[in-house]
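# Fold and geometry: a report
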Amino acid sequence: MSYTVSSNSVEPNPGSMIQEERRSTSFNVQKMFEFLEGSKQKAVDTLSIMQQLERDPILRTSLRYYEYGTEKHREETAAKISRMAQYIEKDAPDMQTFQNRLNLIAVVDPQLGTRIGVHLGLFLGAIRGNGTDNQFNYWAFERGAAYIKRIYGCFAMTELAHGSNVAALETTATYNRKRKSFIINTPHVGATKWWIGGAAHSATHTACFARLKVDGKDYGVKVFVVPLRDTAHMLQPGIALGDIGEKMGRNGIDNGWIQFSNVEIPKEYMLSKFTTISDDGEVIEPPLAQLAYSALLGGRVTMVTDSFRTSERFITIALRYSVGRRQFKQGKAASNNKKIPQSESQIIDHPLHQHRLLPLLAWTYAMGIASNQIQSDYKATLSMLESGVRTQDMKVLGVAIKKLKQLFADSASLKSTCTWKCLRLIEECRQACGGHGYSAYSGFGKGYADHAVQCTWEGDNNILAQNAGRITVQQVAKMLKTDMKPTGNFSFLAGKSKIGHTIDAEDISDLSKLLLALETLIYRLSSNCLDLLSKNEQNWDSISTEKKTLSHLYAIQYMLSKGIQRLTELRQSNNGGINTPIKLLLSLFALSGIKEYADVFLQFDVLSTQTYAKLKERIGTLCLEIRPMVIGMTDSFKFGDIFINSVLGCYNGDIYNDYWKAVNSLNDAFDTKAPYSHDLEAMLKRPTVAQRENFEKGSKVLQKLSN
């Protein structure tokens, strides 16, 4: 729809600017997509799944999604779960295909992704990670949980008074030797299971974390399968549960509370891959207790991927909008369109806008690299671990444990860093879209509220970051004490005590030198932490801030090192010209990461004030070099409009008409009189103060009263 008011008025055409930049993309978008997905085959598989999801009439999500209340969200989510259950049967036995499908649907409908992820990833993951092969096969396949059939599970770990400190959970599982059973009990309100996704209305069973108690002895927290509802979906005796109410986001998830009042379950319902108990109550603990927590890592690894996918979506919206939107005249910018005497600039051409958004684009690519790597490491480690447990091969188990410890450090650092970065990215992108970003139809509001929980569940980010930082300090301490060189992803720490590296002006264009600078700082900060610990009687809380910083720096080092490896591989193949833009993005990622922690780089003499000034200049130069590629770089995500689901970021770039049509289709243009109109009318038509006081203070009345 066009409105030309006068000969000097020209309708804005943002779509033409976006299409023009799309046509001028200098690299192969398909090759870039394959790079982001990890391989050509993975790219083909992802596109196939995207197409299915876009065409599915039940799974499609529209702009109406932003207007739903809790009840409508839950009703629609239930229908979508049923639909996804059909895909599980189709994808089986290749569950990796379904996992990819789930990761993609979570981009545009996070609550659906979580609802199914709780069942498959947490409930079944707990059984797989902590149960024997027979236990897993029974619950997953004989009972049908793997196909969301007959069983729908939830994950009862967190309690009202305990979240991150799993070892201190207070729900009890007391062994009854006579009946060969466990009694699950909630001793007080603080031990009420809380935030349990699926508990309020959906789940039939739960993987319950409870303290194993035998003859009064406490053996710590173990995992038990506890039925919640029978085949008629009625509560089992001793089970009390309910809804925890409205949340900041993801209200399509029926998060609930559970209380157990002496609920009896068979002895065989304790998951016994590691800890076992005999009929007589003899408890046999595993020699490697940390194995029991391997199942918890899957969720953290998945959240790195979630952060990457979510960042892809929102940086695309913001950059497409910034290319199509004109606002203010930049310097001496002139227009090619002579009908516009005073040309306004595309907002992406304003330097501040570039500095706000382009480093976030670089971070998104870096998160994609990290996601592919840690997913691969997780699958390999889990496979090796299960093989070692199954065969009781201690050599294999030893290697698996070593890899598991590495994975714990990597996932803790990346999960906390990436979920935090993604949350900030969504909000910065919203603000970068000005007032229109505040519209629900932009997607930012719900996207922010839905993603925010990622920073606190599956391990609070501050706790995880401190854990990851502590591991790095311990690696340096071990190396200094025993002269043993760290291995795996910590191998970069070896020999750093002999390196006096400082970033020079020439180094800021050299990725390998920037990587070395990060590694040097991590070593020096870790060494400083050891000094602080010795002064504070080994009180690790005294270096909480330093541990958190180390975690962030380690994540940046991880992403940059893996990115450089991928870039080296690109040079050896027909890469469609993507090596140059990838190098530019990695450089911007590295420099923006260093800039974020410039105070620490300066403190430990890895960066001088003069070089810091040059570094900031280089960031500006990189932004200018990347600027013409932003449409191609975001098109490389291959997200169709169903996944974008925003009036500001459609592929066609027709921002204003898309927004106009959405508002008019979703809101009745003829419904101009509200149900509460009588209140407004009464306010506007209200009598004067004198009339409302019945003229009791008028001059005539006062004169009468004065006589």
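Residues numbered from 1 in each chain as written. Predicted model: local features only at pLDDT ≥ 70, side-chain atom pairs only at ≥ 80, totals over all residues. Heavy atoms only, no water.

## Notes on the pattern of salt bridges
Inspection of the entire model under this criterion finds 31 salt bridges. Close ionic contact of Asp218 with Arg211 constitutes a salt bridge, the shortest N to O distance being 2.8 Å. Taken together, the shared-partner salt bridges connect Glu21, Asp349 and Arg627 into one network. (Salt bridge = Lys/Arg side-chain N within 4 Å of Asp/Glu carboxyl O.)

## Topic: the sheet that holds strand 7 (residues 239–243)
Here we have three strands laid out as an open sheet, ordered 4-8-7, and antiparallel in their pairing. For this open sheet the edge positions go to strand 4 (193–196) and strand 7, each flanked by a neighbour on one side alone. Averaged over all pairs of adjacent strands, the angle between their axes in this sheet comes to 20°, without regard to strand direction. (Pairing = 2+ DSSP bridges. Helix = DSSP H or I, 4+ residues; strand = E, 2+ residues; numbered from the N terminus. Axes fitted to C-alpha atoms, helices over the stretch in contact; angles between N-to-C directions.)

## Regarding the environment of Ala452
Among the structural elements, Ala452 can be located in helix 11 (residues 444–452). For Ala452, a relative accessible area of 17% translates into the label buried. Beyond its immediate chain neighbours, meaning those up to four positions away, Ala452 contacts Met248 and Leu423. (Buried < 20%, exposed > 50% of the residue type's maximum accessible area, 1.4 Å probe, protein only. Contact = heavy atoms within 4.5 Å.)

## Things to note about a nonpolar patch on the surface
A contiguous nonpolar patch, built from Tyr676, Leu680, Met683 and Leu684 and spanning about 450 Å² of accessible area, is present on the exposed surface. Mapped onto the fold, Leu680 is located in helix 21 (residues 677–684). (Patch = residues over 30% accessible without salt bridge, like charges linked within 9 Å, V, L, I, M, F, W, Y side chains within 5 Å. Areas by Shrake-Rupley, 256 points an atom, 1.4 Å probe, with all protein chains shown as cover.)

## A closer look at the packing of helix 10 (residues 394–432) against helix 12 (residues 461–482)
Axes are the key here: two packed helices are described by the angle between their axes and the distance separating the axes. Their axes nearest at 8 Å, the elements helix 10 and helix 12 cross at an angle of 140°. The angle between helix 10 and helix 12 falls in the class oblique. When the axes of helix 10 and helix 12 are compared, the crossing they make is left-handed. Within the contact between the two elements, helix 10 uses Phe408, Ala409, Ala412, Ser413, Lys415, Ser416, Thr419 and Trp420 and helix 12 uses Asn461, Asn462, Leu464, Ala465, Asn467, Ala468 and Ile471. Residues of the contact of helix 10 with helix 12, tallied by class, amount to eight nonpolar, six polar and one charged. (Parallel < 35°, antiparallel > 145°, perpendicular 65-115°, else oblique. Left-handed = near helix turned anticlockwise from the far one by under 90°. Nonpolar A, V, L, I, M, F, W, Y, C, P; charged D, E, K, R; others polar.)

## Some points on the environment of Ala161
Following the sequence through the fold, Ala161 ends up in the loop between strand 1 (153–156) and strand 2 (172–176). Classification of Ala161 by relative accessible area gives partly exposed; the value is 45%. Note: C-alpha distance between Ala161 and Ala590 (429 residues apart in sequence) is 40 Å.

## Thoughts on the packing of aromatic side chains
One pass over the structure, following the stated rule, counts 14 aromatic pairs. Summarising the aromatic geometry, the rings of Tyr65 and Tyr66 are spaced 5.8 Å apart at their centres and angled 75° between planes, so their arrangement reads as edge-to-face. Overall, the relative accessible area of 3% leaves Tyr65 in the buried class. In this structure an aromatic cluster arises from ring pairing among Phe136, Phe141 and Tyr147. One Lys or Arg, Lys72, reaches over the ring of Tyr68 and ends 5.7 Å from the middle of that ring. Above the ring of Trp363, the side-chain terminus of Lys421 is found at 4.4 Å from the ring centroid. (Phe/Tyr/Trp six-rings, centres within 6.5 Å; stacked < 30°, edge-to-face > 60°. Lys NZ or Arg CZ within 6 Å of the ring centre and 35° of its normal.)

## Notes on unusual backbone geometry
Positive phi, normally seen in glycine, also occurs at Ile148, with a value near 50°. Tracing the chain through its elements places Ile148 in the loop between helix 7 (133–142) and strand 1. A residue is classified by how much of its surface remains accessible, and Ile148, at 15% relative accessible area, is buried. Phi angles above zero are rare outside glycine, and Asp215 is one such case at about 50°. Structurally, the position occupied by Asp215 is in the loop between strand 5 (205–214) and strand 6 (217–227).

## Topic: the environment of Pro57
The topology assignment puts Pro57 in the loop between helix 3 (40–55) and helix 4 (70–91). Looking at Pro57, the relative accessible area reads 66%, which means it is exposed. Residues Pro57 and Lys80 lie 23 residues apart in sequence; the distance between their C-alpha atoms is 10.0 Å.

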